[in-house]
Amino acid sequence: MHHLDCWIDTDATLCCTQHFAVAIKIKALNELAAKHSNLKVIQLEATDPESVSKAAKEVEAHLNGAGLNVLINNAGILTPCSIENVDAEDMLHVYSTNVVGPLLVVKAFLHLLKKAAKDNNEAGMSCSKAAVINMSAGLASITVCQETYDFIPVVSYRCSKTALNMLTKCQALGYTSDGVLCTAIHPGWVQTDLGGPNIISLIIVQTFHPKFFQRPDDSQIPAGKSVTLRITDSRRFYSWRFGFKVLI
């Protein structure tokens, strides 16, 4: 099982994130929700259509007639493997969470994203209107694979994140007419269970400046500080490592 928690706030942002120390994470989320009345914790298993559907209904009830502005697909798994020992079971296991999960979640919450876009009179697309943000990885890039393969092959993970990039492209093409922005980003080594507490954090905001994606060089950012990614365009995969330029 790839247990997930979702939380929404009054800005109508939904985040789906996988966790490993389940009890600790649930306790921490519930404590956070107890301090902030606008934060709701909802259980969701991204690889289970019934669980996803149930979570979507709960979120819709909490929104009380409003739309959903932002959906972040942050759940993901990585299993150590190389081209020599990767097998069908591993590939299917990783694809189920990293690709099928985001597909099911977006489809279930799409009507809420469309409503948010329809209710917003702003021109163009933005994160303050309606957006899907899929967390990809630099390891998904076919272009720069040679630079990192020997260090960390993880074939199933690489392939799944490349597939997620294609899914994002298809979502963007399919939902542009509905005003829903879809993009995939690689935030780099950030503050997660894997990254640790002293790694820089990433804040995602929107801007009306077209195609403006910037992040300072990591060497200029003190540990524990945040940087900002400004998103206004769909159909792209952005990586911190390349100044948030298109990376395929």
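Residues numbered from 1 in each chain as written. Predicted model: local features only at pLDDT ≥ 70, side-chain atom pairs only at ≥ 80, totals over all residues. Heavy atoms only, no water.

This paragraph deals with the overall build of the protein chain. Check the secondary structure of the protein chain and you find five helices and 10 strands. The buried share of the protein chain, taken over its 248 residues, is 48%. Intrachain contacts of the protein chain at a sequence separation of at least 6 include 69% that bridge at least 24 residues. In the structure as shown, the protein chain presents an accessible area of about 12,700 Å², 57% of it carried by carbon and sulfur atoms. (Helix = DSSP H or I, 4+ residues; strand = E, 2+ residues; numbered from the N terminus. Buried < 20%, exposed > 50% of the residue type's maximum accessible area, 1.4 Å probe, protein only. Contact = heavy atoms within 4.5 Å. Areas by Shrake-Rupley, 256 points an atom, 1.4 Å probe, with all protein chains shown as cover.)

Another point: the confidence of the model for the protein chain. If pLDDT is low for a region, its predicted coordinates should not be looked at in detail. Averaged over all residues, the pLDDT of the protein chain is 77; the fraction at 70 or higher stands at 67%. With pLDDT under 50 throughout, residues 1-5 is counted as low confidence; its partners more than four residues away or in other chains account for 34 contacts. Counted against residues more than four places away or in other chains, residues 238-248, with its pLDDT under 50, gives 41 contacts. (pLDDT = per-residue confidence, 0-100.)

The next point concerns the packing of helix 3 (residues 88-119) against helix 5 (residues 155-175). Two elements in contact, helix 3 and helix 5, have axes separated by 8 Å at closest approach and are oriented at 20 degrees. In terms of axis orientation, helix 3 runs roughly parallel to helix 5. At the point where helix 3 passes helix 5, the crossing takes the right-handed sense. Contacts between helix 3 and helix 5 involve Asp90, Met91, Val94, Tyr95, Asn98, Val99, Pro102, Leu103, Val106, Lys107 and Leu110 from the former and Ser156, Tyr157, Cys159, Ser160, Lys161, Ala163, Leu164, Leu167, Gln171 and Tyr175 from the latter. Taken together, the residues that form the contact of helix 3 with helix 5 break down as 14 nonpolar, four polar and three charged. (Axes fitted to C-alpha atoms, helices over the stretch in contact; angles between N-to-C directions. Parallel < 35°, antiparallel > 145°, perpendicular 65-115°, else oblique. Left-handed = near helix turned anticlockwise from the far one by under 90°. Nonpolar A, V, L, I, M, F, W, Y, C, P; charged D, E, K, R; others polar.)

Turning our attention to the pattern of salt bridges. Two side chains carrying opposite charge are able to pair once their charged atoms lie near each other. The final tally for this structure, using the stated rule, is three salt bridges. Measuring nitrogen to oxygen at the nearest pair gives 2.5 Å for the salt bridge that ties Lys27 to Glu31. Of this pair, Lys27 and Glu31 both sit in helix 1 (residues 22-35), four residues apart, which is roughly one turn of that helix. Between Lys115 and Asp119 there is a salt bridge; the shortest N-O distance is 3.2 Å. One end of the pair is Lys115 and the other is Asp119, both in helix 3 and four residues apart, which spans about a single turn. Classification of Lys115 as partly exposed rests on a relative accessible area of 33%. In this structure Asp119 comes out as partly exposed when scored by relative accessible area, which is 48%. (Salt bridge = Lys/Arg side-chain N within 4 Å of Asp/Glu carboxyl O.)

One recurring pattern in soluble globular proteins: nonpolar side chains tend to sit buried together. Grouped together as the largest cluster of nonpolar side chains are 24 residues, with contacts concentrated most on Leu44, Leu68, Leu71, Val105, Phe109 and Val180. Of all elements in the fold, only strand 3 (40-45), helix 2 (49-63), helix 3 and helix 5 reach the threshold of two or more residues within this core. With eight residues, the top contributor of residues to this core is helix 3. Core analysis: the second largest hydrophobic core is formed by nine residues, Val70, Cys127, Ile133 and Met135 among them. (Core = buried A, V, L, I, M, F, W, Y, C linked by side-chain atoms within 4.5 Å.)

Tracing the sequence through the fold places Thr168 in helix 5. Of the residues examined, Thr168 reaches a relative accessible area of 1% and is grouped as buried. Within the structure, the side chain of Thr168 is placed 2.8 Å from the backbone oxygen of Leu164, a separation counted as a polar contact. Excluding residues that lie within four positions of it along the chain, Thr168 makes contacts with Asn134, Cys182, Thr183 and Ala184. (Polar contact = N/O pair within 3.5 Å; in protein donor to acceptor, adjacent residues only side chain to side chain.)

Attention now goes to unusual backbone geometry. Even without a glycine there, the phi angle at Asn64 is positive, about 55 degrees. A positive phi is found at Val154, a non-glycine position, where the angle reads about 25 degrees. Mapped onto the secondary structure, Val154 falls in the loop between helix 4 (145-148) and helix 5. Residue classification places Val154 among the buried positions, given a relative accessible area of 5%.

With that out of the way, let us pick up the environment of Cys145. One can find Cys145 in helix 4. Sequence separation of Cys145 and Arg158 is 13 residues, and the distance between their C-alpha atoms is 9.0 Å.

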